[in-house]
Amino acid sequence: MKKFIIFLIMLSLNQISANAAFWNKDVPLGNEIKKEEYPDSIDVEPKGEPQESSMLIVGGVEEVMDVSLEECLKYALGNNPRIQAAMQDVFASDARIKQAWSSYFPQVSWQTGYSRIKQLQLSDALGENLIFNYFILGQVSASQMLYDFGVTQNQVTIRKLDSQGYKVSLTGTVNDVLCEVKKSYYAFQYALESKKVAEEMVQRYEAFYNQAKAFYMAGTSPKVDVTIAEVNLSNSKLMLIQAENAVDIAMAKLNNNMGLPYTNKYAIADHLRYDPCEITLAQAIDIAREARPDYQLAEIRVEEARQNLKLVKKSYFPTITAEGQYQIGGRTFVSNYGYNFGGYLNFPTINMMLINNEIKEAKALYSKEQATAMNTKNNIYFEIQQAYYSMIEKKNSIPVSFLGLKQAKENYELSYGRYKVGVGNPVELREAQVQYQDAMLRYYNSLYQFNSAKADLEKYIGKNIVNGEVELDLGNKSKKNKNS
């Protein structure tokens, strides 16, 4: 009996040694955070192979298609219908500018016809019916507005401001779409990492089940240990099914944000990672003043209201017009001709009460746009603060969650080692497994939350933050404002 017990102990020790490489193949254990304080998700457990189901059919041959975030952003710029609609608004507003300029272009009309006329008064006076046939071979009329005291110029200025507003709105739409693509891309990455965690836990619960079954067959553990292991394994498989479904949903959301809802499956080229971002709040606010579309749009709306007020005040002003007309016709198509031309000072029909109240309305709307612009700027300042502090919070949570992951992994390995030699219990091991699983998900979630918060900050300042720097585009030149 003693020899049999010694044999079991030696067998367990050999199994622990044989599995040491498997359980310790990731980062070293310990509480000291050095260069790996913000590691990529690929550098920590669990480590999985590329998704075999993420294939793209190209030319009838299955190929693994790795898609990066930059490529997703390019796809969105070219395919998202919101961006396409905003671009058409810009084109339409440009056409309205030319419509406003058309007042300075001549107006030409041409007319031809035939008339049969019976003069009532002359017929009564002369005592006979006087009937005339009147032919018009051609009547050409032309008019040219020479000057309207700045009315057309104000209308053109308003149209230009309106067009500029649509261009700024297009930039805002692009920022919104790119932010949605970034966040859905990070959510897709998080879903893939969660699936890897679920796959890893299925493997571990299978090992737990096999060990419990071996102990039961050897007579060293009761049947309840095997039952507990079976329940845990079934639950882990259910979580794996849910994780796989979450991956499909995350991919569908990313495709929809790119404007490619019917695209085939593909693989992600990179993993969740931490990119340093040392931008200060003051720098973020300064950048937003130049780049945030809403900030620029608020100022455009104020200037547009001011130009509209100037236009309404010119309702009293006349226009100087030159007109001319040439006719050929008469009793036959070419029997006679005539013409007239001249210049005119045309005063509008004036309704004093109407115009005065239109001016009052324009003044009130101008004041309203000024107040709205101030409210918009205040909201922008608040949004930047909120996004900035949220990003700082998510950044600071990364090393804490990584430390918790390493501690949970160490606790799990100690619990599994105790169970392997027969001194642990399945409840303790299951609790350690659950804690380890939760720690991995918290760590990946902290990376996902940080990247999402960074995407929100980029949206609110109107510029992309790349490798701790903010990209600024000035005309056709590009410069980088370092924030480290």
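Scroll up to find the structure this text is about.
Parameters at a glance
- Residues numbered from 1 in each chain as written.
- Predicted model: local features only at pLDDT ≥ 70, side-chain atom pairs only at ≥ 80, totals over all residues.
- Heavy atoms only, no water.
- Pairing = 2+ DSSP bridges.
- Helix = DSSP H or I, 4+ residues; strand = E, 2+ residues; numbered from the N terminus.
- Buried < 20%, exposed > 50% of the residue type's maximum accessible area, 1.4 Å probe, protein only.
- Contact = heavy atoms within 4.5 Å.
- Axes fitted to C-alpha atoms, helices over the stretch in contact; angles between N-to-C directions.
- Expected span 1.5 Å × (residues − 1).
- Bend = angle between axes of the 7 residues up to and from the residue.
- Patch = residues over 30% accessible without salt bridge, like charges linked within 9 Å, V, L, I, M, F, W, Y side chains within 5 Å.
- Areas by Shrake-Rupley, 256 points an atom, 1.4 Å probe, with all protein chains shown as cover.
- Salt bridge = Lys/Arg side-chain N within 4 Å of Asp/Glu carboxyl O.

Colleague: How would you summarise the pairing of strand β8 (residues 336-346) if you had to cite specific residues and measurements?
Modeller: Sheet analysis places strand β7 (residues 319-330) next to β8, joined by eleven bridges and oriented antiparallel. By the bridge assignment for β8, Tyr 326 is matched with Tyr 339. Linking β7 back to β8 in an antiparallel pair, the connection comprises five residues.

Colleague: Talk me through the environment of Leu 260; I want residue IDs and the actual numbers.
Modeller: Structurally, Leu 260 can be placed in the loop between α6 (223-258) and β6 (267-268). Classification of Leu 260 by relative accessible area gives partly exposed; the value is 25%. For the pair Leu 260 and Asn 80, spaced 180 residues apart in sequence, the C-alpha separation works out to 7.7 Å. With residues up to four places along the chain from it excluded, the contact list for Leu 260 reads Tyr 75, Asn 79 and Asn 255.

Colleague: Tell me about the sheet that holds strand β5 (residues 131-147), and please be specific about residues and values.
Modeller: Strand order across the open sheet formed by four strands is β4-β5-β7-β8, with antiparallel pairing between neighbours. Two strands in the sheet have a free side with no partner beyond their single neighbour: β4 (107-118) and β8. Direction aside, neighbouring strands of the sheet carry axes that sit 20° apart on average. Alignment of β5 against β7, held across eleven bridges, turns out to be antiparallel. Opposite Phe 135, over in β7, you have Gly 330 as the bridge partner.

Colleague: Pulling in residues and values, what's your account of unusual backbone geometry?
Modeller: Of note, Phe 149 is a non-glycine position whose phi angle comes to about 60°, a positive value. Among the structural elements, Phe 149 can be located in the loop between β5 and α5 (151-218). Overall, the relative accessible area of 30% leaves Phe 149 in the partly exposed class.

Colleague: Break down helix α9 (residues 352-420) for me, citing the residues and quoting the values.
Modeller: For α9, built from 69 residues, the straight-helix expectation of 102 Å at 1.5 Å per residue is met to within 8% by its first-to-last C-alpha distance of 98 Å. Maximal helix bending in α9 amounts to about 25°, located at Ile 398; proline Pro 399 follows within four positions. A positive backbone phi angle near 90° is found at Gly 422, which sits one or two residues after α9.

Colleague: Could you give me a rundown of helix α8 (residues 293-313), with the residues and numbers involved?
Modeller: Taking 1.5 Å of rise per residue, the 21 residues of α8 would be expected to cover 30 Å, and the 31 Å separating its terminal C-alpha atoms lies within 8% of that figure. Those residues of α8 not exposed but buried are Pro 293, Tyr 295, Leu 297, Ala 298, Ile 300, Val 302, Glu 304, Ala 305, Gln 307, Leu 309, Leu 311 and Val 312. Residues of α8 that are buried make contact with α5, α7 (281-291) and α9.

Colleague: Which residues make up a nonpolar patch on the surface, and what values do they have?
Modeller: Taken together, the side chains of Leu 146, Tyr 147, Phe 149, Phe 317, Ile 320, Leu 345 and Phe 347 make up a nonpolar region of the molecular surface, amounting to roughly 660 Å² of accessible area. The topology assignment puts Ile 320 in strand β7. With a relative accessible area of 31%, Ile 320 lands in the partly exposed category.

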